[in-house]
Amino acid sequence: MDATSLGWTPPDDWRRVETLDTHTGGEPLRIVLDGIPPLEGETLLAKRRYVRDELDDYRRALMHEPRGHADMYGAILTEPTDERADLGVLFTHNEGYSTMCGHGIVALGVAFVEAGPFEPGDDIVFETPAGLVTATTAGGRDADGRPRVEHVAFQNVPAFVYARDRTVDVPGVGEVGYDVAFGGAFYAYVEASDAGVGLGTGDAPELVDAGRRIKRAVADDLDIVHPTEEDLSFLYGTIFVDDDPDSDADSRNVCVFADGEVDRCPTGTGVSGRLALLAADDTVGPGERFTVESIVDSRFTGWYDEETEFEGYDAVVPTVQGSAHITGRNTFVVDPDDPFPAGFFLR
């Protein structure tokens with residue numbers, strides 16, 4: 001007997017969700033293709049609230065064990081509510097729903113060219129909860145004529161500095177200095193050396209613990225208020241920074257977000273916020289490239305060509321470039337007798 005003899009199809013009454021799985025710099029993105037009911041709402045933020053309140057069992061089934069894991073990440077596609085966009089997207093993780101995701105945009109750019117209707121070189125406009133984001137795909141066709149994407153550069157929403165040079169006493173860590181910036185989501189930026197953590201793969205457990213502690217302490221210390229949208233007004237994660245890495249990258253960082261989730265890639269929205277901080281310090285000027293490596297040594301390169309103003313904040317319009325790959329296509333099912341229909345979460 002061989003594996004081909006294990007032919008099986010789920011009964012018609014089982015819940016079934018089709019996905020395309022990808023990764024960007026090692027960070028997963030599970031793209032939902034079919035199986036989730038239509039999302040109700042006149043705006044994308046309203047759709048985000050609807051899926052959170054009415055359909056969250058789908059997120060938990062796909063993100064949590066046994067179908068996912070503590071660091072899984074996902075994307076739910078929907079019709080855009082802004083006529084300028086090609087499609088709308090909501091991003092999911094172990095705790096809930098994010099407001100923007102850079103690695104997700106890069107992976108979607110690859111997916112929609114290599115497995116979808118767009119061509120290498122096309123621009124794809126995504127409506128995200130944080131605003132419109134444009135992905136520019138670069139690539140060509142292989143020897144068999146299949147479209148291939150070398151990299152994707154996305155122009156993000158405006159990034160701005162929210163708070164500078166603050167300190168907070170973190171239980172179990174000590175006094176920590178931090179900055180907060182917005183790059184599609186709000187992050188607290190902390191020097192890794194100040195927090196007493198390394199940024200290698202072996203440091204992941206300590207990073208999770210310190211990242212959770214710092215996120216809670218900063219959220220208690222500083223009110224996070226987005227200037228236009230209440231739904232964006234929360235601290236998403238902690239980013240540990242080392243500007244003297246053992247490589248030719250300009251910086252190394254590790255982002256711990258949601259409920260202790262460790263980003264394998266350099267974090268596109270985090271790099272965007274970092275560009276706002278660097279621009280405010282006159283460390284990186286318009287057009288200058290800034291390369292950041294991740295906990296697994298994957299890299300994003302970021303820059304900004306435009307300085308602007310956003311609702312009273314000095315801001316930049318960041319562009320971040322990275323690469324992604326398709327890893328598989330899956331059909332997930334939920335047996336009505338399965339004791340874990342919405343999964344479970346262990347860290």
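Residues numbered from 1 in each chain as written. Predicted model: local features only at pLDDT ≥ 70, side-chain atom pairs only at ≥ 80, totals over all residues. Heavy atoms only, no water.

Going by what an unreviewed UniProt entry lists, the chain is known as Proline racemase family protein and is assigned to Haloarchaeobius litoreus. Under the heading Sequence similarities (unreviewed entry), UniProt records this for the chain: "Belongs to the proline racemase family." (UniProt positions renumbered as here; feature names shortened; annotations may be inferred.)

Caption draft 1: A look at unusual backbone geometry. Between Glu-65 and the following residue, Pro-66, the backbone shows a cis peptide bond with an omega angle of 5°. As for its position among the elements, Pro-66 is in the loop between α2 (56-63) and β3 (74-78). Although it is not a glycine, Ala-258 adopts a positive phi angle of roughly 50°. Along the chain, Ala-258 falls in the loop between β13 (251-257) and β14 (261-262). Look at Thr-267: it is not a glycine, yet its phi comes out positive at around 75°. Along the chain, Thr-267 turns up in the loop between β14 and α6 (268-280). Taking the relative accessible area as the measure of exposure, Thr-267 reaches 4% and is therefore buried. (Helix = DSSP H or I, 4+ residues; strand = E, 2+ residues; numbered from the N terminus. Buried < 20%, exposed > 50% of the residue type's maximum accessible area, 1.4 Å probe, protein only.)

Caption draft 2: Structural context of helix α3 (residues 102-114). Over its 13 residues, α3 runs 19 Å from end to end, which matches the ideal 18 Å to within 8%, given 1.5 Å per residue. Most of α3 sits out of view: twelve of its 13 residues are buried. Along α3, the residues that are buried comprise Gly-102, His-103, Gly-104, Ile-105, Val-106, Ala-107, Leu-108, Gly-109, Val-110, Ala-111, Phe-112 and Val-113. (Expected span 1.5 Å × (residues − 1).)

Caption draft 3: Spotlight on the packing of aromatic side chains. Using the criterion set out here, one finds 17 aromatic pairs in the structure. Arranged with centres 6.4 Å apart and planes meeting at 85°, the rings of Phe-234 and Tyr-236 form a pair that is edge-to-face. Exposure remark for Tyr-236: the relative accessible area of 4% places this residue in the buried category. Here Tyr-236 and Phe-257 contribute two aromatic rings whose centre-to-centre distance is 5.3 Å and whose plane-to-plane angle is 45°, an arrangement assigned as tilted. On the criterion of sequence distance, the pair formed by Tyr-236 in strand β12 (residues 235-242) and Phe-257 in strand β13 is long-range, its members being 21 residues apart. An aromatic cluster is defined as three or more aromatic residues linked by ring pairs; in this entry it consists of Tyr-73, Phe-91, Tyr-187, Tyr-189, Phe-234, Tyr-236 and Phe-257. The cationic tip of Arg-289 hangs over the ring face of Trp-303; the distance from NZ or CZ to the ring centre is 3.8 Å. (Phe/Tyr/Trp six-rings, centres within 6.5 Å; stacked < 30°, edge-to-face > 60°. Lys NZ or Arg CZ within 6 Å of the ring centre and 35° of its normal.)

Caption draft 4: Inspection of the pattern of salt bridges at higher detail. Scanning the entire structure with this criterion turns up 25 salt bridges. Of the charged contacts, one joins Lys-215 and Glu-95 as a salt bridge, the two residues approaching to 3.9 Å between their closest N and O atoms. Here Lys-215 is found in helix α5 (residues 204-221), whereas its partner Glu-95 is found in the loop between β4 (87-92) and β5 (97-98), with 120 residues between them in sequence. Here Lys-215 falls in the buried class, since its relative accessible area comes to 15%. (Salt bridge = Lys/Arg side-chain N within 4 Å of Asp/Glu carboxyl O.)

Caption draft 5: Representation of the environment of Glu-54 within the structure. By the element assignment, Glu-54 lies in helix α1 (residues 44-54). On the basis of relative accessible area, Glu-54 is assigned to the exposed category, the value being 53%. C-alpha of Glu-54 to C-alpha of Glu-191: the two residues are 137 residues apart in sequence and 39 Å apart in space.

Caption draft 6: Quick look at the nonpolar core. Counting 89 residues, the largest nonpolar core has Phe-91, Val-180 and Phe-240 as the members making the most contacts within it. When residues of this core are assigned to their parent elements, the largest contribution, eight residues, is made by α3. Listed in part, the 15 residues of the second largest apolar core include Leu-39, Leu-55, Ile-76 and Leu-90. (Core = buried A, V, L, I, M, F, W, Y, C linked by side-chain atoms within 4.5 Å.)

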